[in-house]
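# A closer look at the structure
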Amino acid sequence: LERGALRVGEGGAASDDVRAALTRAAAWDAARHDAQARRARGVYPDGIPILPPHRYRDVVVEPARGCPNGRCSFCAFYRGRRFDVLDDATFDAHLADVVGLHGAALASHDGVFLGSASAASLGNDVLLRRLARLDAVLGRRSRGVAAFLDPDRAPRRTAADWARLVDAGLVDLTVGLETGDAGLRTEAGKSGDVAAFVDGVRGAKAGGARVAVCVLVGLGGLASADRHREASREALARLGLDARDHVYLSPLTGSLPPDRLVAEERAWREATAGATAARVSPYGADAFVALA
């Protein structure tokens with residue numbers, strides 16, 4: 001970038017901006033990248049294992065780490081990892097570290113995601129305090145705050161409870177139905193009480209939250225394919241999802257022969273199309289990449 005080594009237009013503000021951006025980029029040599037990676041590992045000691053696709057660009061803040069369940073047979077991210085909730089002082093220190101890590105890049109993120117596996121399992125008072133701190137430190141982002149929710153291991157909230165959380169900024173929830181079949185859910189390490197799951201999601205919707213629901217294509221293998229699909233279709237139809245919401249069809253690699261898994265994905269798209277007003281799309285969790 002020495003004078004004369006690179007031509008960026010004929011001058012003016014635009015070329016100055018480009019030159020400034022290239023100068024900043026050139027300053028990031030290998031040593032600086034390594035230092036930033038070490039700093040990120042300090043802020044996110046477990047890494048950022050997974051985010052729902054529509055929240056990939058969020059700033060991740062962790063009021064808790066691990067999973068309140070940790071027993072799902074299909075989970076490659078949180079199985080066996082205890083759920084550790086950060087206290088007020090530790091959370092404030094973590095939030096300050098997040099701000100320091102992202103620096104000026106924070107301005108380019110229009111949403112916040114609360115990690116890790118089910119931050120919405122925290123108690124209402126704790127969540128409200130965390131949301132208030134996010135407002136104070138980061139400001140209210142245009143896409144609001146999102147989190148994973150395990151309705152089986154979260155407080156039983158009324159629509160009014162959810163409305164308070166939505167008003168405080170928690171507007172977007174991603175939940176793992178996985179299957180609407182009670183037996184398959186139990187085998188997979190989830191609660192078999194599908195009705196309670198449905199009630200939990202409907203309560204969040206009644207409180208004004210947007211919801212994304214994940215189902216696992218291939219769960220239970222060939223022998224269970226038809227009942228898994230039909231029971232899930234029925235459960236999705238009962239959730240009261242609308243056009244703001246998502247249904248993610250996530251293929252369970254290894255559950256079916258590859259050609260049958262592709263056929264199942266097509267069958268699921270046809271089955272869910274008439275069951276819900278939500279947007280239905282594929283979601284390969286193994287293709288996840290966290291974008292800084």
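The model shown is predicted, which means the values in this text are computed figures rather than measured ones.

## Here we look at the overall build of the chain
The secondary structure content of the chain amounts to nine helices and nine strands. Across the 292 residues that make up the chain, the buried fraction comes to 47%. Element-wise, carbon and sulfur atoms account for 53% of the exposed surface of the chain, whose accessible area totals about 13700 Å². Once the 39 positive and 37 negative side-chain charges of the chain are each reduced to a mean point, those two points are 2 Å apart.

## Side note on the packing of aromatic side chains
For the coordinates displayed, the defined rule picks out two aromatic pairs. Consider the rings of phenylalanine 113 and phenylalanine 148, whose centres lie 5.1 Å apart with planes at 75 degrees: the pair is edge-to-face. Of the two residues, phenylalanine 113 is situated in strand β4 (residues 112-114) and phenylalanine 148 in strand β5 (residues 145-149); the sequence distance between them amounts to 35 residues. The lysine or arginine in question, arginine 32, covers the ring of tryptophan 28, its NZ or CZ lying 4.0 Å from the ring centre.

## What to know about the packing of helix α2 (residues 30-43) against helix α3 (residues 88-102)
One way to put it is that α2 packs onto α3 with a least axis distance of 10 Å and a crossing angle of 155 degrees. Viewed along their axes, α2 and α3 adopt a mutual orientation that is roughly antiparallel. The way α2 lies across α3 gives a crossing that is left-handed. Contact residues: Gln36, Arg39, Ala40 and Val43 in α2; His94, Asp97, Val98, Gly100 and Leu101 in α3. Partitioning the contact of α2 with α3 into residue classes produces four nonpolar, three polar and two charged.

## Focus: the confidence of the model for the chain
Of all residues in the chain, 93% attain a pLDDT of 70 or more, and the chain-wide mean is 91. Note on residues 1-6: pLDDT is under 50 here. Beyond four places in sequence and across chains, it has six contacts.

## As for the nonpolar core
Core analysis: the biggest nonpolar cluster contains 69 residues, and Val61, Leu114, Leu134 and Leu170 have the highest contact counts within it. Among the elements that line this core, the one with the most residues is strand β7 (residues 210-217), at six residues. Residues within four places of leucine 170 in sequence aside, it is in contact with Leu127, Leu131, Val145, Ala146, Ala147, Trp162 and Leu165.

## Comments concerning the pattern of salt bridges
It is possible for side chains bearing opposite charge to pair when their charged atoms get close. Per the stated rule, a full pass over the model turns up 21 salt bridges. Between aspartate 58 and arginine 143 there is a salt bridge whose closest N-O contact spans 3.4 Å. Of this pair, aspartate 58 sits in the loop between α2 and β1 (59-61) while arginine 143 sits in the loop between α4 (124-138) and β5; the two residues are 85 residues apart in sequence, bridging distant segments of the chain. Looking at aspartate 58, the relative accessible area reads 3%, which means it is buried. With a closest N to O distance of 3.3 Å, arginine 229 and aspartate 226 form a salt bridge. Here arginine 229 and its partner aspartate 226 are both found in helix α8 (residues 225-238), three residues apart, which amounts to about one turn of the helix. Arginine 229 gets classed as buried once you look at its relative accessible area, which sits at 17%.

## Quick look at the sheet that holds β5
The strand order across the open sheet built from seven strands is β1-β4-β5-β6-β7-β8-β9, with neighbouring strands paired in parallel fashion. In the strand order of this sheet, the two ends are held by β1 and β9 (279-282), each with one partner. Pairwise comparison of adjacent strand axes, ignoring direction, gives a mean angle of 25 degrees for this sheet. Relative to β9, strand β8 (residues 246-251) is paired through four bridges, and the arrangement is parallel. Bridge assignment links tyrosine 248 to a residue of β9, and that residue is serine 281. Sheet contacts for helix α5 (residues 159-167): β5 and β6 (170-178); angle to β6, the most-contacted strand, approximately 125 degrees. Against the sheet, helix α9 (residues 258-273) contacts β7, β8 and β9, and its axis sits at roughly 165 degrees relative to β8.

## With respect to the environment of alanine 188
Tracing the backbone shows alanine 188 in the loop between α6 (182-187) and α7 (194-206). Look at alanine 188 and you get buried, because its relative accessible area is 3%. When the C-alpha atoms of alanine 188 and serine 73 are compared, they prove to be 5.1 Å apart, with 115 residues separating the residues in sequence. With residues up to four places along the chain from it excluded, the contact list for alanine 188 reads Arg71, Cys72, Ser73, Phe74 and Leu219.

The rules behind each value
- Sequence positions are assigned chain by chain, starting from 1 and proceeding in written order.
- The model is predicted, so local features are restricted to residues of pLDDT at least 70 and side-chain atom pairs to those at 80 or more, both for listing and for counting; the totals for chains, interfaces and linings are taken over all residues.
- Just so you know, side-chain values use all the structure's heavy atoms and leave hydrogens and water out.
- Here a helix means four or more residues in a row that DSSP labels H or I, a strand means two or more in a row labelled E, and each is numbered from the N terminus.
- In this scheme, a residue with accessible area under 20% of its type's maximum is buried, one over 50% is exposed, and one in between is partly exposed, where area comes from a 1.4 Å probe on protein chains only.
- Here the open area of atoms and residues is found with the Shrake-Rupley method and a 1.4 Å probe, where only the protein chains shown may cover a residue.
- For the purpose of counting charges, residues Lys and Arg are taken to be positive, whereas Asp and Glu are taken to be negative. His and the chain ends are not included.
- Where a charge lies is defined by one atom per residue type: Lys uses NZ, Arg uses CZ, Asp uses CG and Glu uses CD.
- A pair of Phe, Tyr and Trp rings is counted when the ring centres sit within 6.5 Å of each other, with Trp represented by its six-membered ring. The angle between the planes then sorts it: under 30 degrees is stacked, over 60 is edge-to-face, the rest tilted.
- Remark: a charge is flagged as sitting over a ring if the NZ atom of Lys or the CZ atom of Arg is within 6 Å of the ring centre and within 35 degrees of the ring normal.
- Interaxial angles span 0 to 180 degrees and are taken between N-to-C directions of axes, which are lines fitted to C-alpha atoms, for helices over the stretch in contact.
- Angular relationships are summarised with four words: roughly parallel below 35 degrees, roughly antiparallel beyond 145, roughly perpendicular across 65 to 115, and oblique for the angles in between.
- Whether a crossing is left-handed or right-handed is set by the direction in which the near helix is turned from the far one by less than a right angle, anticlockwise for left-handed and clockwise for right-handed.
- Here, two residues are considered to be in contact whenever any of their heavy atoms come within 4.5 Å of each other.
- Put simply, Ala, Val, Leu, Ile, Met, Phe, Trp, Tyr, Cys and Pro go in the nonpolar bin, Asp, Glu, Lys and Arg in the charged bin, and everything else, Gly too, in the polar bin.
- Values of pLDDT, which run from 0 to 100, indicate the predictor's confidence residue by residue.
- Remark: nonpolar core denotes a set of buried residues (Ala, Val, Leu, Ile, Met, Phe, Trp, Tyr, Cys) joined through side-chain atoms within 4.5 Å.
- Basic side-chain nitrogens of Lys or Arg form a salt bridge, by our definition, when they fall within 4 Å of a carboxyl oxygen of Asp or Glu.
- If DSSP finds at least two bridges between two strands, the strands pair.

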